[in-house]
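Overview (structure and organization)
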Amino acid sequence: MNILSPSTIQQATRLLNEHDGAIVMAGATDLLVNWPSNLNAHERTYLDISSISELAFHSFSENELVLGALCTYWDIIDDPCAMQHTKLLVDAARTVGAVQIQTRGTWAGNIANASPAADGVAALMALDAQVTLTSATGSQTIPLDTFYLDYKKTRCSHDQLITDIRVPLVRPEFASFVKVGARCAQAITKVGVAIAQTDANWRIVVNSMAPVVKRCAAIEHLLNSQTPVHSPRDFAQAIEADLAPVDDIRSTASYRKAVLARVLYHELAPCCPWFSKNGISKNGINQ
Amino acid sequence: MSTNTCTNPITISLTLNSKPLSIAVDPAERLLDTLRYQLGLTGTKEGCAEGECGACTVLIDDQPANACLVLTCQLAGRFVRTIESINVDTLHHMHEQGTTQCGACTPGVVMCAQWINEHQDVLKHQSLRQLMSGNLCRCTGYDGIILGIEKTLNETNPATAHKDPR
Amino acid sequence: MRRREGLAKLTGSEKYIDDLSIPGCLWGMAARSPVPRGIIRQIHFAKDFNWSEFVVVDHRDIPGTNEIFMIQNDQPVLAADRVMHIHEPVVLLAHPDRQACRHAINQISFDIDPLPAALDYRKVPTTEQIQYASDNVFAHLSVTKGDVEQAFKDAPHVIQGIYETGAQEHVYLENQGMAAWFDDQGVLTVQGSMQCPYYVVNALKHALKLDESRVRVIQSPTGGGFGGKEDYPSNLACYAALLALKAQQPVKIIYDREEDLAATTKRHPARLKHRTAVDDQGRLIAQDIEMIIDGGAYVTLSPVVLSRGIIHAAGPYACDHVRIEGKAMLSNSVPFGAFRGFGVPQAAFAMERHMDHIARTLGIDAVEMRRRNLIRDGQSLSTGQVINDGTDRVALMDLALKESGWAGHIKDHAAFNQTHPYLRKGMGLACIYHGSGFTGSGEVHLASKLHVAGLSDGRIEIRSANTEIGQGMLTVFTRIASHRLGLEPEQIVIAEADTSRVPNSGPTVASRTTMVAGKLVENACSDLLDQLGLPVHETGQVVVDAITAWHLDNPGQELVGTAQYRQPPGINWDDKTYKGDAYGTYGWATYIARVQVDLRTCTTTVLDFHAVQEIGTVINNTLATGQIQGGVVQGIGWALMEECCFREGAMINNQLTNYIIPTASDVPGISVSFLENPYEHGAMGAKGLGELPMDGPAPAIANAVADALSQLLIDQPDTIPLTPERIMSLTTPIHA
């Protein structure tokens, strides 16, 4: 394996330019899973950015939170400001792995790894985060919700490095992060949804429900238009329009869709006056 | 900047268990393997090699991390602590309360407990059970672990006496 | 008394097999079958690869018999002409560099003509799938009592149910590992993680054609077993030894988690059918039970697992007419093997779900149903064994009900479930029992031996082949000897389980270590006193002085008290008819679970759990409590989340990310209570305890889930694990 260890962003972007296909490594919590037996992974070139001190920060200003590429989940969990201004991120961070992962895993890595199950990405996307991509020739900022093109395909080109993530500090009127996994802690998400509402505008972002973490246009429309909702079933059509989850080793498509509908209904019913509250009959949640 | 472009060993310097250490490692070598097979520090165990079980928990710059998910060459200038750094006198409550049975998860449990003990503020927002969820144990059902750590925490800091709500 | 090796484990200084540095040691690895069944035509070693650095072993390198020595020796050490399951080892490699082994394994490919595989043990095999006898049945066992046919004819109610349980992985935190080397005299030493050193000795003698004098097996501290290191280490020991023989160098094989999950044994999947005749009051008139278990590709321990399963299948209840038929079936999977409970968890799940099913059908309270049927002293179990131990099993159940706050919770839940939009709470109980020690005449056949030596410094040394695997054997044996001889724990040494030094005190399985081998510790202490010419109740300094004096009189000699198992009087078992005293004694328990099901996600949370059991004398409360708590959590995992996903007979979720076991956040504190009724033939009055906590949780939890969801169920929770996906399918059609 080749490893490149720059100590500045400038060096890093130059090396990325020189080494086509080099894989950026920060906390390495995804890259090193089953490392000894993952022989193909040893053949590659890695760009280890973990020593670039100018990337190891996060900062709150009046209008935004900026997460440097080396900012970890734990950095946010541990910051009282984050709890105050971006609780959604804290809630999501706490569901990622366990403490041992939270201290190493980075928000930027979660974005770059492009797993459809990424919890951190869902929360960031719900808060309308922007991603800064830097190459040797300059920087570019793109909305996170346009970052993913397809399964494991992103708008980040081989010579670009995610240098920071910008989260606008527009305090949502309602925000919620729900993760459904196979156990209470340390689980890969089976159904995940991050919800944020600002000025009657809903952002619904799901993970593990599609090839990429994505916003759900039909569900957002259903909410923005204040279409009456009487039961979880009333989300079914929008879910079908937005998402095509799969059966895999961790769950089934039908479970994922049903749970998403139920979670959306129960999360939103208390704060959406146009929902009728009798969606749950004694004879079952989905009748 | 060092740009190693082959699998030649990289020499790095770090602080291990309060002592400076310079070591040549293959860039692909995990911290877990350096500790166990190069340095003979076999207290850190491999349970899963995928960051699930926490048996290889060490402290890097005073934070718990899985040594199976860190390349040693990433640790230049860092402070690493392993189970071998733990003072045996701090373990009597865990000994008493049945924190260890087969012992394979135990060093990881002790290291995570050590971190919690040194940073008791982390218990303000998360329960001890949540904080210990990165350490899988198949023997104790976790009661012996939770009780042993609680007693240890209370001894260190009786003012904020901690009790598992369950 | 604190755990003896506790500080060594807490400080990480305990040396497990992977922690031992062995000079000149090679790493070993296996190349495995990619198909579930087929004829091996050719093995290809990549041409452009330097094989000269590797030691390569196949079946032709086996000096002895190509069989893993077990009940029926049908499992080859290495596949020769055919493969019977995915992951079956065919070729072994060794190299100084472990990573090089991983590369080389990928350079081996197989030309295999596939044959039709049997992949569902519940289905009658087609002619093409027959691979064992005429019907793929490894073992067929039955228990009969009374006249079942007649009893059914006259019965007012006949109630049926089908119950299924899935495979379960042990997930001992220390993966399987073994090292082997030959010394200059040609003596083979094998050291590693294991429960049963003498099983490994027998396997090595058989496969390597060695006399017992040329085989030495040493158990390393073992990071959990749960049955997973009862049978499988024999395989691993043979692999390591064959490589060491060919390499003429030490070889170590340490599985990584993925290989361990994929290639080693698991709990037998099982399906049970119950047909029960009951009267209007719910009294059991007749039980007709069929138990089928999935044996995997080879016989291995399946007949014994089946045996214990069917003996426990009718539950701890009095019933005059019982027929139990058990079958272990072949399937082209990795052989299923020993796992805590050994067939009883499957049987208990079915029986205790069925008790609730009967109660519900007749409109009788689940507790009352059990109260009317629990076996009283003087009544007999299904094998005709009359129970007369003085334990009041109804009082034990009542204690569990009281401790769990059963009546109050039932009331609270009714109100809660009426009003909460999506949470439902419920309670369930299970009355269980577990025979301690080997089944039937097993202990007689084992004829275990154990030594207690008096050392020249006055200390004593216990020499047994029983192993510390986390359960606390070192501490308990120390306590037993210390109690028997009035010595301080420091005056008692426990010899390493090294077969060159310790006699065969039998395997560390079936909760026999404390009860049976512990009793041998007591008896060997008595023999030691006898040899010293001391009265049988002599203790303390007098004993120490006598030992040191003996050594002064007999310099350089060994002072060894010995004991050998003798069956307690009055035990009669017939292996042919399966009638009589299946076990010398039983542990009894009532387990109660309180759960909450979230209807949004169909996720079940165990809110609290009470385990009340009678296990004879409790020798060490912390250790015994820890065993119960750990077992209960393993049982919670089996009941709710642990699912082996098989494709073509192979586990495909072979990572801890995808095979989910409970974390500290997933379980409540486990409340444990003991009733003590000393068993005169167990050490200090102890009986077995380690399996009960695996038997009880699953049915208690499933019963609680059924209670929580009562009106919502369109189908009963009779199959585990009760994953959210499964509960969703039981409650309401998705997209209704």
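All of these numbers come straight from a predicted model, not from anything done at the bench.

A closer look at the interface of chain B and chain C
Across the boundary between the two partners, chain B contributes 44 residues, which contact 51 residues of chain C. With both chains or domains summed, chain B and chain C bury close to 3,900 Å², and 53% of this area falls on carbon and sulfur atoms. It is His95, Gln101 and Arg138 of chain B in chain B that bury the most area against chain C; as a group they hold 22% of the surface buried on that side. Counting across the chain B and chain C interface gives 5 salt bridges. Note that Asp19 of chain C and Arg36 of chain B form a salt bridge whose closest N and O atoms lie 2.7 Å from each other. Elements with a minimum of two residues in the side of chain B that touches chain C: α1 (31–38), α2 (92–96), α3 (106–118), α4 (128–131) and α5 (143–156) of chain B. Looking at which element gives the most residues to the side of chain B that touches chain C, the answer is α2 of chain B, with 4 residues. Grouping the constituent residues of the side of chain B that touches chain C by class yields 17 nonpolar, 17 polar and 10 charged.

So, the sheet that holds strand β13 (residues 270–278) of chain C
Residue and element names in this part refer to chain C. Spatially, the 5 strands line up as an open sheet ordered β7-β15-β14-β13-β8, and their pairing is mixed. Strands with a single pairing partner mark the edges of an open sheet, and in this sheet they are β7 (137–145) and β8 (157–165). Ignoring strand direction, the axes of neighbouring strands in this sheet form an average angle of 10 degrees. The pairing of strand β14 (residues 284–296) with strand β15 (residues 321–330) spans 10 bridges and is parallel. The residue bridging Glu290 from the neighbouring strand is Glu325, located in β15. Sheet strands touched by helix α7 (residues 302–312): β7, β14 and β15. Its angle to β7, the strand with the most contacts, is close to 20 degrees. Relative to β8, helix α8 (residues 344–362) is tilted by about 145 degrees, and along the sheet it contacts β8, β13 and β14.

Some remarks on the packing of aromatic side chains
Aromatic ring pairs: the centre-centre distance and the angle between the two ring planes describe each pair. Considering all chains together, one arrives at 22 aromatic pairs over all chains under this definition. Between Tyr132 of chain C and Phe138 of chain C, the aromatic rings sit 4.8 Å apart at their centres with planes inclined by 80 degrees, giving edge-to-face as the arrangement. Here Tyr583 of chain C and Tyr586 of chain C contribute two aromatic rings whose centre-to-centre distance is 5.5 Å and whose plane-to-plane angle is 75 degrees, an arrangement assigned as edge-to-face. Here Tyr583 of chain C falls in the buried class, since its relative accessible area comes to 1%. For Tyr586 of chain C, a relative accessible area of 2% gives the class buried. Here the aromatic cluster, defined as three or more aromatic residues joined through ring pairs, consists of Phe235, Tyr265, Trp274 and Phe275 of chain A.

So, the pairing of strand β11 (residues 215–219) of chain C
Residues and elements named next belong to chain C. Summarising burial for β11: 4 of the 5 residues are buried, a large majority. With 5 bridges joining them, strand β10 (residues 188–192) and β11 adopt parallel strand pairing. When the sheet's bridge partners are listed, Val190 is paired in β11 with Val217. Handedness of the crossover joining β10 and β11 through helix α4 (residues 197–208): right-handed.

What to know about the environment of Phe60 of chain A
All names here are of chain A. With respect to the element layout, Phe60 can be found in strand β4 (residues 58–60). What makes Phe60 partly exposed here is its relative accessible area of 24%. If we skip the residues at most four places from it in the chain, Phe60 touches Leu65, Asp79, Cys81, Ala82, His85, Thr86 and Leu169.

Observations concerning the side chain of Glu352 of chain C
Residues and elements named next belong to chain C. With respect to the helices and strands, Glu352 occurs in helix α8. For Glu352, the side chain forms a polar contact with the side chain of Arg370, separated by 2.7 Å. Aside from chain neighbours lying at most four places away, what touches Glu352 is Tyr317, Arg370, Leu429, Ala430, Cys431, Pro699 and Asn703.

Some points on helix α2 (residues 98–105) of chain C
Within α2 of chain C, 6 of the 8 residues are buried, leaving the element largely enclosed by the surrounding structure. When we look at burial in α2 of chain C, the residues that qualify are Arg98, Ala100, Cys101, Arg102, Ala104 and Ile105 of chain C. In this structure, the buried side of α2 of chain C is in contact with α1 of chain B together with β1 (26–32), β5 (89–95), β6 (108–114) and β12 (251–254) of chain C.

A look at the domain arrangement of chain B
Residues and elements named next belong to chain B. What the domain assignment reports for chain B is domain 1 (10–84) and domain 2 (86–160). Computed from C-alpha atoms alone, the centre-to-centre distance between domain 1 and domain 2 is 21 Å. Contact residues are listed per partner, giving 15 residues for domain 1 and 15 residues for domain 2. Contact between domain 1 and domain 2 buries roughly 1,200 Å² in total, counting both sides, with carbon and sulfur atoms accounting for 61%. Three residues stand out in domain 1 for area buried against domain 2, namely Thr57, Leu59 and Ile83, and they jointly supply 35% of the buried area on that side. Taken together, domain 1 and domain 2 are joined by 1 salt bridge. For Glu118, the salt bridge is made with Arg81, and the minimal N-O distance between the two is 2.8 Å.

A word on the pairing of strand β13 (residues 201–207) of chain A
Residue and element names in this part refer to chain A. Among the 7 residues in β13, 6 count as buried, and that is most of the element. Strand direction decides the pairing type here: strand β12 (residues 191–198) and β13, joined by 7 bridges, are antiparallel. Looking at β13, one finds that Ala194 is bridged to Val205. Where β12 hands over to β13, the hairpin turn is made up of 2 residues, of which Asp199 adopts a positive phi near 50 degrees. Two strands pair when backbone bridges link them, and β13 and strand β14 (residues 214–215) are joined in this way by 2 bridges, in the antiparallel orientation. Bridge assignment links Val206 to a residue of β14, and that residue is Lys214. Between β13 and the antiparallel strand that follows it, β14, lie 6 residues; Ser208 among them carries a positive phi value of about 60 degrees.

Quick notes on the sheet that holds β6 of chain C
All names here are of chain C. Taking strand neighbours across the sheet as the criterion, the 3 strands line up as β4-β2-β6 in an open arrangement whose pairing is antiparallel. The sheet is open, and its two edges are formed by β4 (82–83) and β6, each paired on a single side. In terms of strand pairing, strand β2 (residues 38–45) meets β6 through 7 bridges, oriented antiparallel. Across the sheet, the residue bridging to His44 is Ser109, located in β6.

Here's the deal with the nonpolar core
Ranked by internal contacts, the top residues of the largest apolar core, which has 328 residues, are Phe235 of chain A together with Leu204 of chain C. When residues of this core are assigned to their parent elements, the largest contribution, 11 residues, is made by helix α5 (residues 232–247) of chain C. Excluding residues within four positions of it along the chain, Leu204 of chain C makes contact with Leu188, Val190, Lys209, Val215, Val217, Ala237, Cys238 and Ala241 of chain C. Within the second largest apolar cluster, 39 residues are counted, among which are Ile462, Ile547, Trp550 and Ala683 of chain C.

Section: the interface of chain A and chain C
By a widespread convention, an interface's size corresponds to the accessible area lost as its parts come together. Listed by partner, the interface residues are 35 residues for chain A and 36 residues for chain C. The contact between chain A and chain C buries some 3,000 Å² in all, and 59% of this surface belongs to carbon and sulfur atoms. Its largest share of buried area at the contact with chain C, chain A owes to Leu39, Arg183 and Ile249 of chain A, together 21% of the area lost on that side. Across the chain A-chain C interface, the total number found is 2 salt bridges. Across the pair Glu267 of chain A and Arg600 of chain C runs a salt bridge, and its minimum N-O distance is 3.8 Å. The greatest single-element share of the side of chain A that touches chain C, amounting to 9 residues, is contributed by helix α10 (residues 253–268) of chain A. Considering only residue class, the side of chain A that touches chain C consists of 14 nonpolar, 12 polar and 9 charged.

Here we look at the packing of α3 of chain B against α5 of chain B
Residues and elements named next belong to chain B. Direction vectors running N to C along α3 and α5 enclose 30 degrees, while the axes themselves pass 10 Å from each other. Along this stretch, α3 crosses α5, giving a crossing that reads as right-handed. Where α3 approaches α5, its residues Val109, Ala113, Ile116 and Asn117 are matched on the opposing element by Ile145, Ile149, Thr152, Leu153 and Thr156.

A closer look at the environment of Ile111 of chain A
Topologically, Ile111 of chain A is positioned in helix α6 (residues 107–113). In this structure Ile111 of chain A touches Val121, Leu124, Val131, Leu144, Phe147, Tyr148, Ile162 and Ile165 of chain A, once residues within four positions along its chain are discounted.

Quick notes on the pattern of salt bridges
Residue and element names in this part refer to chain A. One pass over the full model with this rule turns up 63 salt bridges over all chains. Of the charged contacts, one joins Asp145 and Arg203 as a salt bridge, the two residues approaching to 2.9 Å between their closest N and O atoms. Here Asp145 is found in the loop between β7 (138–143) and β8 (148–150), whereas its partner Arg203 is found in strand β13, with 58 residues between them in sequence. One connected set of salt bridges, linked through shared partners, spans Asp128, Asp145, Arg203, Arg215 and Glu220.

About the cut-offs
Residues numbered from 1 in each chain as written. Chains lettered and ligands numbered in written order. Predicted model: local features only at pLDDT ≥ 70, side-chain atom pairs only at ≥ 80, totals over all residues. Heavy atoms only, no water. Contact = heavy atoms within 4.5 Å. Buried area = accessible area lost by both parts, 1.4 Å probe. Salt bridge = Lys/Arg side-chain N within 4 Å of Asp/Glu carboxyl O. Helix = DSSP H or I, 4+ residues; strand = E, 2+ residues; numbered from the N terminus. Nonpolar A, V, L, I, M, F, W, Y, C, P; charged D, E, K, R; others polar. Pairing = 2+ DSSP bridges. Axes fitted to C-alpha atoms, helices over the stretch in contact; angles between N-to-C directions. Phe/Tyr/Trp six-rings, centres within 6.5 Å; stacked < 30°, edge-to-face > 60°. Buried < 20%, exposed > 50% of the residue type's maximum accessible area, 1.4 Å probe, protein only. Right-handed = clockwise from strand over helix to strand, strands pointing away. Polar contact = N/O pair within 3.5 Å; in protein donor to acceptor, adjacent residues only side chain to side chain. Domains from an automatic or database assignment. Core = buried A, V, L, I, M, F, W, Y, C linked by side-chain atoms within 4.5 Å. Left-handed = near helix turned anticlockwise from the far one by under 90°.

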